[in-house]
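Structural overview for review
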Amino acid sequence: MQWLLISILALLLFSGPAGPAQADDMRQVLEGAWARNAAIAALTARRAEILARKRAAGRLTPGPPVLGVGHLNGYVTGDDGYREYDVELGTPLWLPGEGTAIRLVADAELVQLAAELVMARLAVAGAVRDAYWRYRLAAVAAEVARRRLDAARALEGDLVRQVRAGQVARADLLLAVAETADARAILSTADASATQARLAFHALTGAAPPADLAEPEVPAQADANHPRLNALRRTVEVSEATNRLLKIQDRDSPEVALVGVVERDLANDPYDKRIGIRVVIPFATEGRNEPRRKANAVERTRALAELQATDSQIRTDVGQAEADLASAKEREMLAGERYRAFAERLELVERSVRAGEGGLVELIRARASLFEADTARLQNQIAVMQARSRLNQALGLDPWSPVPVPVQEAGK
């Protein structure tokens, strides 16, 4: 086999892919994904509703005024000229401390909403992370498959020239043709997988996958300010504020009204005019209040139980993610050893071919094994970053932030 063949093989085998381009702004990618998420859009819209209730609690009355108009006459019993016209203008009144309690509930709900937004954004960030690493795994497989096809085509082209020159048998050329076809099939499959992963990422974020994503290495210890825990704590605070409001709202709003009456007894009598005040004071009943208190107590109990279960689940998730990261690092080391072994084996086979002691079949097999090992090596390197990404997700970290996002900042 000629030196040109060996040189081409070595160049294509050991030249890795080009270094990654400058990483895109991951925060822009995440903001695109957040903007497309329906749950985040609903939470964001809910802020306006809470603020509207808070503003309403600062108004003079809890409800709008009411105008009533009435008329009485004697048409049915015999019309002797009796007429009565009533006009009533009334309004509900706040219970003592009711407006302040409603505003405190709204403030607690705003903090809860901010915490839920952080939690929802973290969930979307997790989906973006998964989609990104799926793309990276598929893309590196496609890159190695492309290099394998380039090497197979170079080998086939060199053998075509050698067959025409009568230097090698046509049987060796057919082996190279078969290797090229095999490499094309592998590349077609890998390209399809990479395209599907890229489209899935674009559908989620509206952007192309960044060239690189460097996940920060942080201590694998669950933080008490984890977004999921914060959201549940805020739910408990809302239920407590609601409970204080329910103690004040133990009855319907009292009402006060200005009443005016104009009447006459007989057709020729002059109209009498009177004006007065009507006050309505509702009473508190257990039939009204107990169901509301129980419903709020159920929500508080649910949030406390979920808080305890979530805290345990987060610690479990972090422990599992840490174990997965350790396993991924070990697999990366073993894949590197396997790649180096196949690389050395290929060098030995090349020497044998140059000495005329080895055949083309053995060279093609050695080269295919090295490409396969190279794919596994690169994918295991990405798997380490993917495992670190899942660990950071379990810890409640955004891909662009090494620390959890404070709830107060998220609500601004």
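Scroll up to find the structure.
Residues numbered from 1 in each chain as written. Predicted model: local features only at pLDDT ≥ 70, side-chain atom pairs only at ≥ 80, totals over all residues. Heavy atoms only, no water.

**Side note on the overall build of the protein**
A count of helices and strands for the protein gives nine helices and four strands. Counting from the amino terminus, the protein carries its helices and strands in the arrangement α-α-α-β-β-α-α-α-β-β-α-α-α. Across the 412 residues in the protein, those meeting the buried criterion constitute 38%. Taking as baseline every contact in the protein between residues at least 6 positions apart, the subset at least 24 positions apart corresponds to 83%. Carbon and sulfur atoms make up 56% of the accessible area of the protein, which totals about 22300 Å². (Helix = DSSP H or I, 4+ residues; strand = E, 2+ residues; numbered from the N terminus. Buried < 20%, exposed > 50% of the residue type's maximum accessible area, 1.4 Å probe, protein only. Contact = heavy atoms within 4.5 Å. Areas by Shrake-Rupley, 256 points an atom, 1.4 Å probe, with all protein chains shown as cover.)

**Looking at the environment of D269**
Residue placement: D269 occurs in the loop between β3 (255–264) and β4 (272–280). We classify D269 as partly exposed; its relative accessible area is 30%. For D269 and Y82, which are 187 residues apart along the polypeptide, the C-alpha to C-alpha distance reads 9.1 Å.

**A word on the packing of helix α4 (residues 98–164) against helix α5 (residues 170–205)**
At a minimum axis separation of 7 Å, α4 and α5 run at an interaxial angle of 160 degrees. Relative to α5, the element α4 is oriented roughly antiparallel. Note on packing geometry: the crossing formed by α4 with α5 is left-handed. Residue composition of the contact of α4 with α5, grouped by class: 27 nonpolar, three polar and twelve charged. (Axes fitted to C-alpha atoms, helices over the stretch in contact; angles between N-to-C directions. Parallel < 35°, antiparallel > 145°, perpendicular 65-115°, else oblique. Left-handed = near helix turned anticlockwise from the far one by under 90°. Nonpolar A, V, L, I, M, F, W, Y, C, P; charged D, E, K, R; others polar.)

**As for the sheet that holds strand β1 (residues 66–73)**
Ordered in space as β1-β2-β3-β4, the four strands form an open sheet in which the pairing is antiparallel. Each edge of the open sheet carries a strand with a single partner, namely β1 and β4. Direction aside, neighbouring strands of the sheet carry axes that sit 15 degrees apart on average. Pairing between β1 and strand β2 (residues 83–92): eight bridges, direction antiparallel. Across the sheet, G70 pairs through a bridge with D86, a residue of β2. (Pairing = 2+ DSSP bridges.)

**Let's talk about the pattern of salt bridges**
By the definition in use, this model includes 26 salt bridges. Close ionic contact of R148 with D182 constitutes a salt bridge, the shortest N to O distance being 3.5 Å. Of the two residues, R148 sits in helix α4 while D182 sits in helix α5, which places them 34 residues apart along the sequence. Its relative accessible area of 11% is what places R148 among the buried residues. Where R293 meets E286, a salt bridge forms, and the shortest distance between an N and an O atom there is 2.6 Å. Overall, R293 belongs to the partly exposed group, its relative accessible area being 31%. Three or more residues joined by partner-sharing salt bridges are found here, namely R148, E179, D182 and R367. (Salt bridge = Lys/Arg side-chain N within 4 Å of Asp/Glu carboxyl O.)

**So, α4**
If you check α4, its first and last C-alpha atoms are 98 Å apart, about what 67 residues at 1.5 Å a residue would give, namely 99 Å. Looking one or two residues beyond α4, the residue adopting positive phi is G166, at roughly 75 degrees. (Expected span 1.5 Å × (residues − 1).)

**Some details on the nonpolar core**
Among the nonpolar cores identified, the biggest contains 27 residues, and I40, V124, V128 and F201 are the most heavily contacted of them. A total of 14 residues in this core trace back to one element, the largest contributor, which is α4. The contacts of I40, once residues within four sequence positions are left out, are W34, L117, A120, R121 and V124. Counting 16 residues, the second largest nonpolar core, distinct from the first, contains L155, L360, L363 and A373. (Core = buried A, V, L, I, M, F, W, Y, C linked by side-chain atoms within 4.5 Å.)

**Comments concerning α5**
Here α5 spans 52 Å end to end across 36 residues, near enough to the 52 Å set by a 1.5 Å rise per residue. Those residues of α5 lying buried are L173, A176, E179, T180, A183, L187, A190, A194, A197, F201 and T205. Buried positions along α5 lie against α2 (26–36), α4 and α8 (360–395). Where α5 terminates, the next one or two residues include G206, which has phi positive at roughly 75 degrees.

**Thoughts on the environment of R244**
Relative to the elements of secondary structure, R244 occurs in helix α6 (residues 227–248). A relative accessible area of 47% places R244 in the partly exposed class. Here the alpha-carbon distance between R244 and A101, two residues 143 residues apart in the chain, equals 7.1 Å.

**Digging into the environment of K247**
Here K247 lies in helix α6. The spacing of K247 and E98 is 149 residues in sequence and 9.5 Å in space, taken between C-alpha atoms.

**Points about a nonpolar patch on the surface**
Taken together, the side chains of L67, V69, V87, L89, L258, I275, I277, V279 and I281 make up a nonpolar region of the molecular surface, amounting to roughly 960 Å² of accessible area. For the nonpolar patch, the secondary-structure elements that each account for two or more residues are β1, β2 and β4. Among the elements that make up the nonpolar patch, the one with the highest residue count is β4 (three residues). (Patch = residues over 30% accessible without salt bridge, like charges linked within 9 Å, V, L, I, M, F, W, Y side chains within 5 Å.)

**A few points about the packing of aromatic side chains**
Per the stated rule, a full pass over the model turns up three aromatic pairs. For the pair Y85 and Y271, a centre-to-centre distance of 6.4 Å together with 45 degrees between the ring planes defines the contact as tilted. With Y85 in strand β2 and Y271 in the loop between β3 and β4, this residue pair connects regions lying 186 residues apart in the sequence. In this structure Y85 comes out as partly exposed when scored by relative accessible area, which is 37%. A network of ring pairs unites the aromatic residues Y132, W133 and F201 as a single cluster. (Phe/Tyr/Trp six-rings, centres within 6.5 Å; stacked < 30°, edge-to-face > 60°.)

None of the figures reported here should be taken as evidence of function without further support.
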